Amino acid sequence: MSKWQARRHVLLPQALKVSVPGLVNTSISEVKNTTLVLIVGVFDVLQTTRLSYVEAQWRPYFAEAYLFTGTIFFLLCFSLSRLSMKIERKLSYA
């Protein structure tokens, strides 16, 4: 095996096994904490939720609006964690 083949077949899978959980944790925390996501994404969704119950006909449904907003945020974080598990499983069989 050449030097680069050994790195690709031996060292890279080992390095990925060790580093993927930390990278995914960092990416999930960045999604939660990023100013751009907070200001643009979550703020817009929450502002839309607030505006939806300003009108009298939508006031009884304010809890559903916040549950929907929370569900969007949960699905984003959950899908990132599932992606991490998939990558970790794939690397454990490598």
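Residues numbered from 1 in each chain as written. Predicted model: local features only at pLDDT ≥ 70, side-chain atom pairs only at ≥ 80, totals over all residues. Heavy atoms only, no water.

Peer 1: For this particular structure, what's the right way to read the overall build of the protein?
Peer 2: Of regular secondary structure, the protein possesses 3 helices and 0 strands. The helix and strand sequence of the protein, counted from the amino end, reads α-α-α. Burial analysis of the protein (94 residues in total) assigns 11% to the buried set. For the protein, the exposed area adds up to about 7,500 Å²; of that, 69% sits on carbon and sulfur atoms. (Helix = DSSP H or I, 4+ residues; strand = E, 2+ residues; numbered from the N terminus. Buried < 20%, exposed > 50% of the residue type's maximum accessible area, 1.4 Å probe, protein only. Areas by Shrake-Rupley, 256 points an atom, 1.4 Å probe, with all protein chains shown as cover.)

Peer 1: Teacher, can you tell me more about the packing of aromatic side chains here?
Peer 2: The description of an aromatic ring pair rests on the distance of the ring centres and on the angle between the ring planes. Scanning the entire structure with this criterion turns up 1 aromatic pair. The ring centre of Trp4 lies 4.7 Å from the NZ or CZ of Arg7, which sits over that ring. (Phe/Tyr/Trp six-rings, centres within 6.5 Å; stacked < 30°, edge-to-face > 60°. Lys NZ or Arg CZ within 6 Å of the ring centre and 35° of its normal.)

Peer 1: Which parts of the structure should I look at to understand helix H1 (residues 3-33)?
Peer 2: Note that an α-helix has 3.6 residues per turn; residues three or four places apart therefore point the same way. At Ser19, H1 shows its maximal bend, which comes to roughly 40°, and the proline Pro21 appears one to four places after that position. Turning to H1, its buried residues are Pro13, Val20, Val24 and Ile28. On its buried face, H1 is in contact with helix H3 (62-92). (Bend = angle between axes of the 7 residues up to and from the residue. Contact = heavy atoms within 4.5 Å.)

Peer 1: Please clarify how the confidence of the model for the protein should be interpreted in this entry.
Peer 2: Interpretation of this model should avoid reading the predicted coordinates in detail wherever pLDDT is low. In this model, the protein carries an average pLDDT of 78, and 88% of its residues clear a pLDDT of 70 or more. Averaged pLDDT values over the elements of the protein bottom out at 69 in helix H2 (residues 35-52) and peak at 82 in H3. (pLDDT = per-residue confidence, 0-100.)

Peer 1: When you look at a nonpolar patch on the surface in this model, what are you seeing that I'm missing?
Peer 2: On the surface, Val45, Phe68 and Ile72 cluster together into a nonpolar patch covering about 260 Å² of accessible area. Looking at where Phe68 falls in the secondary structure, it is placed in helix H3. (Patch = residues over 30% accessible without salt bridge, like charges linked within 9 Å, V, L, I, M, F, W, Y side chains within 5 Å. Salt bridge = Lys/Arg side-chain N within 4 Å of Asp/Glu carboxyl O.)

Peer 1: Before we go on, may I ask you to explain a positive patch on the surface in this structure?
Peer 2: Where like charges cluster on the molecular surface, the positive patch consists of Arg82, Lys86, Arg89 and Lys90. With respect to the helices and strands, Lys86 occurs in helix H3. Residue classification places Lys86 among the exposed positions, given a relative accessible area of 57%. (Lys, Arg positive; Asp, Glu negative; His and termini not counted. Charge placed at Lys NZ, Arg CZ, Asp CG, Glu CD.)

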